[in-house]
Amino acid sequence: MIISFVNQKGGVGKTTSAINIAASLKRRNYEVKFIDADPQGSASHWQAVESNNAFEVVHHPEPISQNEIEEFSQNCDFLVIDAPPAIGDITKSILAVTDLSIVPLSPSSLDIWSCKGTLDMIDEAQVDNPDLDVKLLINRKIPGTRVGREARDSLSIFDMDLLDTELCQRVAYIDAMTSGVSVMQYAPSSKAAGEIESLCDELTVEQAEEAEEEPVTSEPYAYSEPHDVYGDKPSW
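Thresholds, definitions, all that
Residues numbered from 1 in each chain as written. Predicted model: local features only at pLDDT ≥ 70, side-chain atom pairs only at ≥ 80, totals over all residues. Heavy atoms only, no water. Phe/Tyr/Trp six-rings, centres within 6.5 Å; stacked < 30°, edge-to-face > 60°. Helix = DSSP H or I, 4+ residues; strand = E, 2+ residues; numbered from the N terminus. Buried < 20%, exposed > 50% of the residue type's maximum accessible area, 1.4 Å probe, protein only. Contact = heavy atoms within 4.5 Å. Core = buried A, V, L, I, M, F, W, Y, C linked by side-chain atoms within 4.5 Å.

## A look at the packing of aromatic side chains
Using the criterion set out here, one finds three aromatic pairs in the structure. Seen in terms of ring centroids, Tyr-30 and Phe-78 are 4.9 Å apart; in terms of plane orientation they differ by 85°. Their pairing is edge-to-face. Of this pair, Tyr-30 sits in the loop between helix H1 (14–27) and strand S2 (32–36) while Phe-78 sits in strand S4 (residues 78–82), and the two are 48 residues apart along the sequence. We classify Tyr-30 as buried; its relative accessible area is 7%. When its relative accessible area of 1% is taken as the criterion, Phe-78 is described as buried.

## So, the environment of Leu-132
Counting through the fold element by element, Leu-132 comes out in the loop between helix H5 (109–128) and strand S6 (133–138). The buried category is assigned to Leu-132, whose relative accessible area is 4%. Taking the C-alpha atoms as reference points, Leu-132 and Ser-101, separated by 31 residues in sequence, lie 7.2 Å from one another. With residues up to four places along the chain from it excluded, the contact list for Leu-132 reads Leu-95, Thr-98, Asp-99, Ser-101, Ile-122, Ala-125 and Gln-126.

## A short note on the nonpolar core
Judged by nonpolar contacts, the single largest core of 38 residues is most densely connected at Phe-34, Phe-55 and Val-183. Judged by nonpolar contacts, the second largest core, of 32 residues, contains Ile-35, Ala-37, Cys-76 and Cys-115.

Right under this line is the structure:
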């Protein structure tokens with residue numbers, strides 16, 4: 001299954017959510033490969049911080065062909081693609097080969113307004129890729145605020161499915177990215193880790209239903225305390 005994270009606007013948590021979903025899938029014993037299609041290479045820099053080898057990250061900041069996708073997809077259950085924050089040939093080529101495109105956006109008026117260009121591009125991609133499924137992901141929601149509470153209603157203006165799981169703005173996401181690890185490794189008992197696991201549950205259940213098979217369940221954590229970011233680390 002090919003999952004892409006797409007939004008023309010930067011700063012919506014696209015790379016953070018993509019990396020953590022890939023890490024959560026890997027924890028469930030899926031074979032995962034990550035394509036960093038953003039010329040900025042944020043995911044590649046994340047991997048380099050601690051030489052994180054949880055899953056393979058390929059920096060491919062150029063349009064992806066069908067032949068390349070077939071090559072990347074070999075021997076892998078999930079191909080996760082982090083698209084650049086722009087409307088251009090790279091993103092369009094990604095949408096042409098994607099099974100599920102996730103559009104992360106915060107519940108702010110600015111993000112909602114700017115999302116229209118991304119959704120228009122997706123509509124165009126679905127002409128040539130009618131099997132392309134699209135879901136909106138509420139990301140960077142601030143708990144306890146009116147804007148946060150009204151997020152789902154605000155996004156109802158778009159005629160697109162909205163994922164049940166919501167990712168909030170939490171320090172654990174930032175600290176984990178800075179440390180070059182997933183939030184499940186950095187703070188396994190945190191609310192942030194729970195959000196990612198919930199989102200991964202949602203995605204894998206849907207994928208399993210389509211494949212008419214049971215999803216792979218997550219293995220229990222082998223540790224209960226946040227790890228020492230300066231000490232030895234497990235691979236995910």
